[in-house]
Amino acid sequence: MDPLCVCLATGAVPALSSQLRDAGKLFFPLFVNLFPLQGQENASGRVTGSTSGPGDTAVAEAGPGFHAERGGGRLKMDGPQNVVSSDDSCVGDAVIEKYVVESTESASHVQLACSEPYCAFPLNGHELCVWNARSPSDQLLSLRGHHQSITAVTFGNEGSPLLLCSASRDRVIVWNLDECREDALEGAAPRGTVLGTLLGKVLCLRFSPDDRTVAVCAGNKILMLDAKGPSVLAELRGHLAPVTALVFCAWQANLVISVSEDRTFKVWDCRVGTSVHTSPVLTAYPLLRVFVDEETKQLVAGCADGQLWIFSLVEAHHYRCVTRVDLRKKRASFSAKKVPSGPCGLSGESQLSSRNEQEKEERIESVFLVLQLERCDLSHILNPVCECLPSDNTKCLWIGSSAGLFLFNLANFELEAVLLYKDFTSLSIKVAGSCAIMNRTTNEKAFCLLASMFGNEIAVLEINLPALLRSQQGSGVGKGLSVLASSCVLPTSPLYFGAAEKKSTKPVGQKQSAARNPVQDRPLVFHSKVRSSGYAAAPHVAMSSPKTNVKNDGKRASKCKNSYKCRDYPLESSLPARLRERVAVAQAPTAVCHLQYSGDGQRLACGLANHLLLVFDGSLTGAPAAFSGHDGPVSAVSWSHGGEWLVSASQDRSLRLWSARGAARTVLLGKDMFSKPIQFSQFYYVDAFILLSSGPELHLLKYHMETCKDEIKRYKQKSKFKPVHRLSMTNATEITSLSAVNDFYSHIVLTAGRNKTLEIFDLNAGCSAAVISEAHSRPVHQICQNKGSSFAAQQPEAYNLFLTTAVGDGIKLWDLRTLRCERCFEGHANRCHLCGVALSACGRRVACGAEDRHVYLYEMGSSTFSRRLGGHTDTVTQVAFSPSAPQLATATLDGKLQLFVAE
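All figures in this text were calculated on a predicted structure; none of them were measured in a lab.

As for the pairing of strand E56 (residues 876-881)
Thinking step 1. For E56, a buried count of six out of six residues is recorded, marking the element as mostly surrounded by other parts of the structure.
Thinking step 2. The sheet contact formed by E56 and strand E57 (residues 887-892) spans five bridges and is antiparallel. From the neighbouring strand, Phe881 faces E57, where its bridge partner is Leu888.
Thinking step 3. The hairpin turn running from E56 into E57, its antiparallel successor, is five residues long.

Encoded structure:
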């Protein structure tokens with residue numbers, strides 16, 4: 001047998017860890033939670049109080065302050081110690097070790113407690129110490145009433161009075177901190193109330209939201225004790241292994257959620273003492289911690305292999321799994337994205353060496369044991385620039401692990417900051433066995449209480465959150481990009497040709513021939529106002545802008561010819577969940593490759609795999625207009641701004657421009673122009689250009705359509721295309737998706753590459769503006785911008801939001817100005833097919849297809865779906881919102897179109 005396995009089986013972990021430390025190496029066993037480090041009880045520890053039964057009073061006394069000398073196995077620093085980071089970055093300025101003490105007995109795998117401004121921890125096994133963060137120079141409040149080692153500590157939820165509960169094998173005691181401190185100041189021994197005795201080893205304690213009940217996890221059962229006296233209110237049994245953590249449901253006080261080493265979580269009704277829900281076995285490792293977010297109603301469970309399981313607690317969702325997060329992968333992705341900025345940045349050689357060292361460490365590094373989950377509000381730090389985003393995208397979660405601290409954003413499921421203990425040379429604890437974090441900040445500072453895994457040290461860290469986040473900012477912060485054009489077109493821009501032409505465009509009836517308008521021989525007369533020739537200035541174009549406000553309360557001064565143009569989008573409408581129409585695009589099953597509404601919402605274009613382009617009425621009634629001519633599947637379809645033209649791209653490397661009035665008027669861009677299939681094409685810059693992608697290249701084309709109505713001359717091809725500009729993706733990777741705004745003037749083009757990156761191009765400058773690496777775990781197959789609609793008003797900042805989706809990696813919401821992922825939408829099944837995504841005209845709803853034959857509807861402020869639409873016969877591959885009404889069109893893999901309207 002392996003010597004290591006023998007040591008673990010016999011419980012000789014402390015001896016092994018000391019040998020490894022002597023060798024200068026530290027090994028972290030993956031299943032150390034199954035073999036907790038047991039310290040020997042301190043025989044010399046002084047305990048005051050009687051051995052009375054439940055309900056009697058336990059007596060404690062205030063211990064002396066600890067000074068800067070070792071004595072009795074104790075040590076306290078005179079002042080806070082600045083922590084130096086080994087990676088020479090600014091993160092070292094964000095962490096200060098405020099307090100450290102060495103106990104005679106290890107506090108590893110003991111539930112520690114923090115509640116602003118106090119930290120509570122066991123010292124020397126059976127002494128309960130309370131440290132005040134507001135006055136760290138004051139002596140500790142030492143509460144003594146336990147005869148055996150304390151295994152769990154927790155604070156109450158009410159601030160007045162603040163209660164503290166501690167548990168050991170011999171008793172569970174509740175302390176009133178206000179009374180205990182008053183007794184200590186008067187020289188009397190603080191007293192606590194014994195709630196129970198001889199309950200066994202307690203791994204977790206938790207107060208109910210009103211502090212009237214204390215939940216005690218003792219072995220495989222949960223005891224609900226009265227906080228005022230020795231009374232067992234309920235006993236919950238059902239777990240097959242020790243219960244490691246529990247939490248009360250804030251919006252339903254009678255519900256308790258527990259996790260166990262049996263790798264499941266249970267939902268209990270503590271009033272009747274029965275189990276409401278039992279999850280299946282989630283993982284091969286024990287579940288150690290649980291957290292419930294009240295705003296999003298999500299459950300987060302952390303296990304021993306560094307995995308986070310997130311479930312929805314919404315009643316209609318039936319405890320479904322939202323997503324699963326691997327801390328090791330998230331940490332590696334975060335390290336790859338993080339770029340040192342300012343004077344603290346590393347040189348190129350230093351970055352390369354640091355990356356090589358990190359790769360070597362990752363090969364021998366073990367998983368992150370999840371020791372603590374606690375809320376963290378970053379709204380005052382990560383204040384979203386976009387007012388249209390909900391404030392809960394700044395609600396984060398502290399994850400305390402054996403290797404470090406992580407700030408996890410519950411909106412986008414990404415890490416905001418990482419602190420690894422081993423990166424700090426002056427930190428007393430390198431591997432933590434227990435962790436507790438304050439859920440409230442003081443002057444933008446958070447406190448973390450740690451107990452060493454292999455040693456006896458207990459330390460308090462002060463974390464400066466603004467400094468921590470500044471030191472770990474990504475490279476995308478501060479780019480200042482915006483979809484809305486904020487400047488005139490530069491003379492060197494590839495868009496200058498289109499802008500100059502638009503300025504010089506004359507009405508149809510005005511003659512421009514120089515022969516018919518000769519210059520007359522007349523004297524030159526100077527009037528009072530002389531207009532500049534403008535030769536030295538760039539042409540000023542009347543920039544079109546998106547609809548951002550509705551004047552006169554939505555009432556129009558003049559009547560419109562068509563009624564749909566006079567009707568604004570109903571912002572307060574219900575979800576489009578009622579199925580109205582269902583049609584088939586062909587007699588045989590045919591996949592729909594692309595789906596797009598016209599700008600007025602009256603027509604729906606469908607690109608099919610059978611080489612056809614169909615145009616339906618917006619209500620899916622009547623026979624569709626068919627456009628044929630492609631020799632391959634129609635991969636992309638786009639409407640012009642006025643709805644008069646359609647541009648389509650095919651896998652046969654051809655581009656066709658169609659007149660929406662009839663299929664006879666078409667223009668073909670030959671196959672010999674592009675060496676690779678055209679994946680995407682669309683009108684751009686208010687129909688001034690056509691934008692398309694072929695392979696790794698982005699092409700900007702100028703086009704001219706001959707609109708002559710002469711029956712003889714119409715057969716002569718005068719329509720033409722002209723290449724204007726060409727850009728290539730970084731590293732020449734193939735473009736998998738493309739998006740740009742055509743309803744108003746914008747210089748920004750969004751692209752996605754086969755290498756899982758997003759690249760933003762500024763066509764006014766004619767170059768790449770930003771690159772987002774590792775945007776998804778797989779290549780992005782669709783980018784969906786918030787393009788708005790002429791029927792709905794949005795805030796100007798909302799147009800900088802866009803969605804990306806990838807197979808197996810959900811949907812992500814991005815903000816162009818910060819290049820940050822602001823939210824993730826998880827829960828729909830998408831593992832192999834390219835399922836589409838769409839944004840509603842009001843910018844408040846997201847729709848996506850799924851492989852379970854459903855369409856999922858999300859609200860912009862929630863990561864979990866609000867509605868699921870059924871009735872489909874195959875995988876839903878395409879979705880499209882109507883720009884003029886709350887309607888949703890869907891397409892399936894077998895060629896069926898469905899129209900959903902508001903209920």
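So, the pattern of salt bridges
Thinking step 1. One pass over the full model with this rule turns up 21 salt bridges.
Thinking step 2. Of the charged contacts in the structure, one is a salt bridge between Lys422 and Asp423, with a shortest N-O distance of 3.5 Å.
Thinking step 3. One salt bridge connects Asp894 with Lys896, and the closest N-O pair in it is separated by 4.0 Å.
Thinking step 4. Judged by its relative accessible area of 16%, Asp894 is buried.
Thinking step 5. Through salt bridges with shared partners, a single network forms among Lys98, Lys445 and Glu462.

Thoughts on helix H3 (residues 177-185)
Thinking step 1. Its side-chain oxygen at 3.2 Å from the backbone nitrogen of Asp178, Asn176 defines the N-terminal cap of H3.
Thinking step 2. Gly187 sits one or two positions beyond H3 and adopts a positive phi of about 85 degrees.

Some details on a negative patch on the surface
Thinking step 1. A cluster of acidic residues, Asp178, Glu179, Glu182 and Glu186, forms a negative patch on the protein surface.
Thinking step 2. Inspection of the secondary structure puts Asp178 in helix H3.

What about the nonpolar core?
The nonpolar side chains of a soluble globular protein tend to be buried, and buried together.
Thinking step 1. In terms of nonpolar packing, the biggest core is built from 42 residues, with Leu308, Ile399, Phe408, Leu758, Ile760 and Leu816 touching the most fellow members.
Thinking step 2. Apart from residues no more than four positions distant in its own chain, Leu308 is found in contact with Val300, Ala301, Gly302, Thr323, Arg324, Val325, Leu327, Val370, Leu373, Ile399 and Phe408.
Thinking step 3. Leu405, Ala417, Ala459 and Leu465 belong to the second largest nonpolar core, which has 32 residues in total.

Here we look at the environment of Gly810
Thinking step 1. Mapped onto the elements, Gly810 comes out in the loop between strand E49 (801-806) and strand E50 (811-815).
Thinking step 2. Judged by its relative accessible area of 10%, Gly810 is buried.
Thinking step 3. In sequence terms Gly810 and Cys824 are 14 residues apart; their C-alpha atoms lie 7.1 Å from each other.

As for the confidence of the model for the protein chain
Should pLDDT be low for a region, the predicted coordinates there are not to be read in detail.
Thinking step 1. Across the protein chain, pLDDT averages 79, with 74% of residues at or above 70.
Thinking step 2. Scored below 50 in pLDDT, residues 59-79 makes 62 contacts in the model with residues more than four places away or belonging to other chains.
Thinking step 3. Low pLDDT, under 50, characterises residues 505-543; the predicted model gives this stretch 17 contacts beyond four residues in sequence or across chains.

Regarding the pairing of strand E32 (residues 592-597)
Thinking step 1. Note that E32 and strand E33 (residues 603-608) share five bridges and pair antiparallel. The partner of Gln596 across the bridge, within E33, is Ala605.
Thinking step 2. Linking E32 to E33, which pair antiparallel, is a turn of five residues; within it Gly601 sits at a positive phi near 75 degrees.

Quick look at the state of the cysteines
Thinking step 1. Evaluation of the coordinates by the stated rule reveals zero disulfides.
Thinking step 2. Of the cysteine sulfurs around Cys435, a residue in no disulfide, the closest is that of Cys448, at 3.8 Å.
Thinking step 3. We classify Cys435 as buried; its relative accessible area is 3%.

What about helix H4 (residues 327-337)?
Thinking step 1. Among all positions of H4, only Leu327, Arg331 and Phe334 are buried. All buried residues of H4 lie within an arc of 65 degrees about the axis, which places them on one face of the element. Residues of H4 that are exposed and point over 90 degrees away from its buried face: Lys329 and Ala336.
Thinking step 2. A distance of 3.0 Å separates the backbone nitrogen of Arg328 from a side-chain oxygen at the start of H4, and that oxygen is part of Asp326.

Observations concerning the side chain of Arg289
Thinking step 1. Tracing the sequence through the fold places Arg289 in strand E20 (residues 287-293).
Thinking step 2. From its side chain, Arg289 meets the backbone oxygen of Leu371 in a polar contact 2.7 Å long.
Thinking step 3. The residues contacting Arg289, other than those within four sequence positions of it, are Thr244, Ala245, Val259, Val300, Ala301, Gly302, Val370, Leu371, Gln372 and Leu373.

Considerations on the side chain of Thr323
Thinking step 1. Tracing the backbone shows Thr323 in strand E23 (residues 321-326).
Thinking step 2. On the basis of relative accessible area, Thr323 is assigned to the buried category, the value being 12%.
Thinking step 3. Setting aside residues no more than four positions away along its own chain, Thr323 makes contact with Leu308, Trp309, Ile310, Phe413 and Glu826.

A short note on the sheet that holds strand E25 (residues 395-401)
Thinking step 1. Spatially, the four strands line up as an open sheet ordered E24-E25-E26-E27, and their pairing is antiparallel. Of all strands in the sheet, those bounded by a partner on one side alone are strand E24 (370-377) and strand E27 (414-420). On average, adjacent strands in this sheet sit at an angle of 20 degrees to one another, irrespective of strand direction.
Thinking step 2. Docked against the sheet, H4 engages E24, E25, strand E26 (404-409) and E27, running at close to 90 degrees with respect to E27.

Side note on the sheet that holds strand E4 (residues 113-115)
Thinking step 1. Pairing is antiparallel in the open sheet, where four strands are placed in the order E4-E5-E6-E7. One side of each edge strand has no neighbouring strand; the edge strands of this open sheet are E4 and strand E7 (141-144). Strand-to-strand twist in this sheet, taken as the mean axis angle between neighbours without regard to direction, amounts to 20 degrees.
Thinking step 2. Of the pairings in the sheet, the one linking strand E5 (residues 118-123) to strand E6 (residues 127-132) comprises six bridges and is antiparallel in character. Looking across to E6, one finds that Tyr118 is bridged to Asn132.
Thinking step 3. Of the strands in this sheet, E5, E6 and E7 touch H3, which is tilted by about 105 degrees from E7.

Here is what the cut-offs are and how they apply
- Residues numbered from 1 in each chain as written.
- Predicted model: local features only at pLDDT ≥ 70, side-chain atom pairs only at ≥ 80, totals over all residues.
- Heavy atoms only, no water.
- Buried < 20%, exposed > 50% of the residue type's maximum accessible area, 1.4 Å probe, protein only.
- Helix = DSSP H or I, 4+ residues; strand = E, 2+ residues; numbered from the N terminus.
- Pairing = 2+ DSSP bridges.
- Salt bridge = Lys/Arg side-chain N within 4 Å of Asp/Glu carboxyl O.
- Polar contact = N/O pair within 3.5 Å; in protein donor to acceptor, adjacent residues only side chain to side chain.
- Patch = residues over 30% accessible without salt bridge, like charges linked within 9 Å, V, L, I, M, F, W, Y side chains within 5 Å.
- Areas by Shrake-Rupley, 256 points an atom, 1.4 Å probe, with all protein chains shown as cover.
- Lys, Arg positive; Asp, Glu negative; His and termini not counted.
- Charge placed at Lys NZ, Arg CZ, Asp CG, Glu CD.
- Core = buried A, V, L, I, M, F, W, Y, C linked by side-chain atoms within 4.5 Å.
- Contact = heavy atoms within 4.5 Å.
- pLDDT = per-residue confidence, 0-100.
- Disulfide = S-S within 2.5 Å.
- Arc of directions from axis to C-beta.
- Axes fitted to C-alpha atoms, helices over the stretch in contact; angles between N-to-C directions.

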